[in-house]
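A look at the structure
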Amino acid sequence: FNVFMPQDIIQETNFKDKTHIDAVLAHLKDVFPQVKIKKVTSTQAEDYYNSLPKGQRKVPFPQINSYFHNGTAYIIEGRVTTKTAIEEVLHPFVASIKESKPELYRKLIAEAKRNFPQLYMEIKDAYTVGKEKRGFIDADVNEELVAQSLSRHFNKEFDETPTQSWKAIIRDVLKWLSEY
């Protein structure tokens, strides 16, 4: 699929973080050579955004800082943070887990909701405007929740101590990832 998602909304600006983005992107390319990462200018990203059918333009362009399209994570220069870059690179892995290991994916959703309840509520809120869902479905919310939860896990950002069941799921994910 090729849409801009609410996870790509610019939440905050952290200029210190942005100074390290090239090094982080290079490292992510080394760690995940099967994922393509491309930096684009704001003008290039906006041209792509404007080429999308209106139904796929669910988030106003000024709020977009990255997107995933046709197997490539596009990072908009000057807008993305390290955290967002990591989360964007995780999207193809989340999609692969969903497709190849649906039971593991369902467990990830359940555990992410349990271990990151605040994040879950923030994502649900970002995917809606009032009572309108902006065209997103629950599956979109779940995929974003899993990607951001994994990103937070790998960045060691927890609201509370992770449960043993979350840690077990992460071991299963890492095992799957090593086979991937």
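Keep in mind that this is a model prediction, so the values were computed, not measured. (Residues numbered from 1 in each chain as written. Predicted model: local features only at pLDDT ≥ 70, side-chain atom pairs only at ≥ 80, totals over all residues. Heavy atoms only, no water.)

Comments concerning the sheet that holds strand S1 (residues 36-40)
- Ordered by their spatial adjacency, three strands build an open sheet running S1-S3-S2, and the pairing between neighbours is mixed. The two strands at the open ends of the sheet, each matched to only one other strand, are S1 and strand S2 (66-69). On average, each strand axis in the sheet is tilted by 25° relative to the strand beside it, whichever way the strands run.
- Summarising the sheet, S2 and strand S3 (residues 72-76) pair through four bridges and their orientation is antiparallel. Residue His69 lies in a different strand from S3, and its bridge partner there is Thr72.
- Against the sheet, helix H2 (residues 21-31) contacts S1 and S3, and its axis sits at roughly 155° relative to S1. (Pairing = 2+ DSSP bridges. Helix = DSSP H or I, 4+ residues; strand = E, 2+ residues; numbered from the N terminus. Axes fitted to C-alpha atoms, helices over the stretch in contact; angles between N-to-C directions. Contact = heavy atoms within 4.5 Å.)

Quick word on the nonpolar core
- If you look at the biggest cluster of nonpolar residues, it comprises 37 residues, and the most contacted ones within it are Leu28, Leu108 and Leu150.
- Secondary structure elements with two or more residues in this core: H2, helix H4 (82-100), helix H5 (102-115), helix H6 (117-126), helix H7 (138-154) and helix H8 (164-179).
- Here this core gets seven residues from one element, more than from any other, and that element is H4.
- Look past the residues within four positions of Leu28 in its chain and what remains in contact with it is Ile37, Ala85, Ile86 and Val89.
- Counting 11 residues, the second-largest nonpolar core is a separate cluster that includes Ala45, Tyr49, Val59 and Tyr67. (Core = buried A, V, L, I, M, F, W, Y, C linked by side-chain atoms within 4.5 Å. Buried < 20%, exposed > 50% of the residue type's maximum accessible area, 1.4 Å probe, protein only.)

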